[in-house]
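Chain by chain, the residues:
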Amino acid sequence: MLRELLEKNRSIRSFDRSVKPSESELLDMIECTRLCPSSANLQALKFKPVTNEEECRAVFSATKWAGYLKDMEIPPRGHEPTAYIIVANDKEIAKNTVPFYKDTGIVSHTILLRAAEMGYGGCMIGSFDEKAVKETLGLSDTLEITLVLALGKADESSKITENKGDIKYFRENGVHYVPKRSLKEILI
Ligand SMILES: Cc1cc2nc3c(=O)[nH]c(=O)nc-3n(C[C@H](O)[C@H](O)[C@H](O)COP(=O)(O)O)c2cc1C
């Protein structure tokens, strides 16, 4: 079950705009993070669900996508994400924010796995303009945004493929392929 979910859970960069995760579905995804491990159990991460159309548009314009496919418009116009979850360190809880970058990875994958289980797709976006996202959403200076999670209903196909010497993802006949290093390659 977990293995299947992990295979299904590819980064998605094209969305069916007629489908939007509801606020309560986003809260369900966020609630799952309460079950995650946390550095010193401080639980310093906070989450902002975003479903408002105007806010989604503004967050989108502060993000960068698919760095290896610069000559393509990704997501294609009219196929942008329909929701976001913003992940942030609460600096009032975590004075040293460094450990919480690790926590960010753990909770973000949890959210995306839950989203996949619910029939949605998404993409972690580490390349974003923090100031712009904070201004759009009116987030306090005590928060440091660590990751933006883009969400929606996938309308593209993404598949894992063998690493043939280049780990750059590529597109062929409308399918997004993600080369993964073999078990042998990742063993020390
Ligand atoms: C921490 C992190 C940040 C990422 N930031 C971006 C990003 O800014 N833009 C983007 O298009 N994809 C981003 N990705 C998605 C990766 O490109 C993607 O995980 C990788 O190509 C492997 O594809 P897969 O997730 O389908 O296995 C990010 C992934 C991670 C883990």
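A brief look at the structure comes next.

Conventions and cut-offs
- Residues numbered from 1 in each chain as written.
- Predicted model: local features only at pLDDT ≥ 70, side-chain atom pairs only at ≥ 80, totals over all residues.
- Heavy atoms only, no water.
- Helix = DSSP H or I, 4+ residues; strand = E, 2+ residues; numbered from the N terminus.
- Rg over C-alpha atoms; globule rule 2.2 N^0.38 Å.
- Buried < 20%, exposed > 50% of the residue type's maximum accessible area, 1.4 Å probe, protein only.
- Contact = heavy atoms within 4.5 Å.
- Areas by Shrake-Rupley, 256 points an atom, 1.4 Å probe, with all protein chains shown as cover.
- Lys, Arg positive; Asp, Glu negative; His and termini not counted.
- Charge placed at Lys NZ, Arg CZ, Asp CG, Glu CD.
- Axes fitted to C-alpha atoms, helices over the stretch in contact; angles between N-to-C directions.
- Parallel < 35°, antiparallel > 145°, perpendicular 65-115°, else oblique.
- Nonpolar A, V, L, I, M, F, W, Y, C, P; charged D, E, K, R; others polar.
- Pairing = 2+ DSSP bridges.
- Near = heavy atom within 4 Å.
- Polar contact = N/O pair within 3.5 Å; in protein donor to acceptor, adjacent residues only side chain to side chain.
- Domains from an automatic or database assignment.
- Patch = residues over 30% accessible without salt bridge, like charges linked within 9 Å, V, L, I, M, F, W, Y side chains within 5 Å.
- Salt bridge = Lys/Arg side-chain N within 4 Å of Asp/Glu carboxyl O.

**Looking at the overall build of the protein**
Piece 1. Scanning the protein for helices and strands turns up six helices and eight strands.
Piece 2. For 188 residues, the compact-globule formula gives about 16 Å, and the C-alpha radius of gyration of the protein, at 17 Å, lands near that figure.
Piece 3. Across the 188 residues in the protein, those meeting the buried criterion constitute 43%.
Piece 4. Excluding contacts between residues fewer than 6 apart, the proportion of contacts in the protein whose partners are at least 24 apart in sequence is 77%.
Piece 5. Surface exposure of the protein reaches about 10800 Å², of which carbon and sulfur atoms provide 52%.
Piece 6. Averaged over its 27 positive side-chain charges, the protein has a centre that lies 4 Å from the centre of its 28 negative ones.

**Let's talk about the packing of helix H3 (residues 53-61) against helix H5 (residues 130-137)**
Piece 1. Packing of H3 against H5 leaves a shortest axis separation of 9 Å and a crossing angle of 170°. Relative to H5, H3 is oriented roughly antiparallel. Contacts between H3 and H5 involve Glu55, Ala58 and Val59 from the former and Val133, Thr136 and Leu137 from the latter.
Piece 2. Looking at the contact of H3 with H5 residue by residue, the classes come out as four nonpolar, one polar and one charged.

**Here's the deal with the sheet that holds strand E7 (residues 170-172)**
Piece 1. An order of E6-E8-E7 is seen for the three strands of this open sheet, with the pairing classed as mixed. Because the sheet does not close on itself, it has two edges, and the strands there are strand E6 (157-162) and E7. Neighbouring strand axes in the sheet, compared pairwise and without regard to direction, differ in orientation by 40° on average.
Piece 2. In the sheet, E6 pairs with strand E8 (residues 175-180) via six bridges, with the strands oriented parallel. Within the sheet, the bridge partner assigned to Thr161 lies in E8 and is Pro179.

**Description of the site of the ligand**
Piece 1. Around the ligand, the surrounding shell holds 14 residues, and the nearest of these are Arg10, Ser11, Arg13, Ala66 and Lys180.
Piece 2. Arg10 is positioned with one of its side-chain polar atoms (N or O) 2.7 Å from an oxygen atom of the ligand.
Piece 3. Look at the ligand: alone it shows 620 Å² of surface, and the protein chains cover 68% of it.
Piece 4. Sorting the residues of the shell around the ligand by element identifies strand E4 (121-125) and E8 as the ones contributing at least two each.
Piece 5. With three residues, the top contributor of residues to the shell around the ligand is E4.
Piece 6. Its residues placed into classes, the shell around the ligand shows seven nonpolar, three polar and four charged.
Piece 7. Structurally, the shell around the ligand is a two-domain feature, drawing no fewer than three residues from each of domain 1 (2-155) and domain 2 (160-188).

**Things to note about a nonpolar patch on the surface**
Piece 1. A surface patch of nonpolar side chains, amounting to about 350 Å² of accessible area, comprises Leu183, Ile186 and Leu187.
Piece 2. Relative to the assigned elements, Leu187 resides in the segment after helix H6 (183-186).
Piece 3. By relative accessible area, Leu187 is classed as exposed at 59%.

**Quick notes on the side chain of Ser38**
Piece 1. When you line up the elements, Ser38 lands in the loop between helix H2 (23-32) and strand E2 (45-50).
Piece 2. Engagement of the side chain of Ser38 in a polar contact is seen with the backbone nitrogen of Leu42, the distance being 3.3 Å.
Piece 3. Within the structure, the side chain of Ser38 is placed 2.9 Å from the backbone nitrogen of Gln43, a separation counted as a polar contact.
Piece 4. Apart from residues lying up to four places away in sequence, Ser38 is in contact with Gln43 and Asp103.

**Some remarks on the pairing of strand E5 (residues 143-154)**
Piece 1. In terms of burial, E5 is largely enclosed, as ten of its twelve residues are buried.
Piece 2. Taken together, the eight bridges between strand E3 (residues 83-90) and E5 define a ladder with antiparallel strand orientation. What sits directly across from Val87, in E5, is Leu147.
Piece 3. Bridging between E4 and E5 involves five bridges; their strand directions are antiparallel. Paired with Met124 across the strands is Leu149, a residue of E5.

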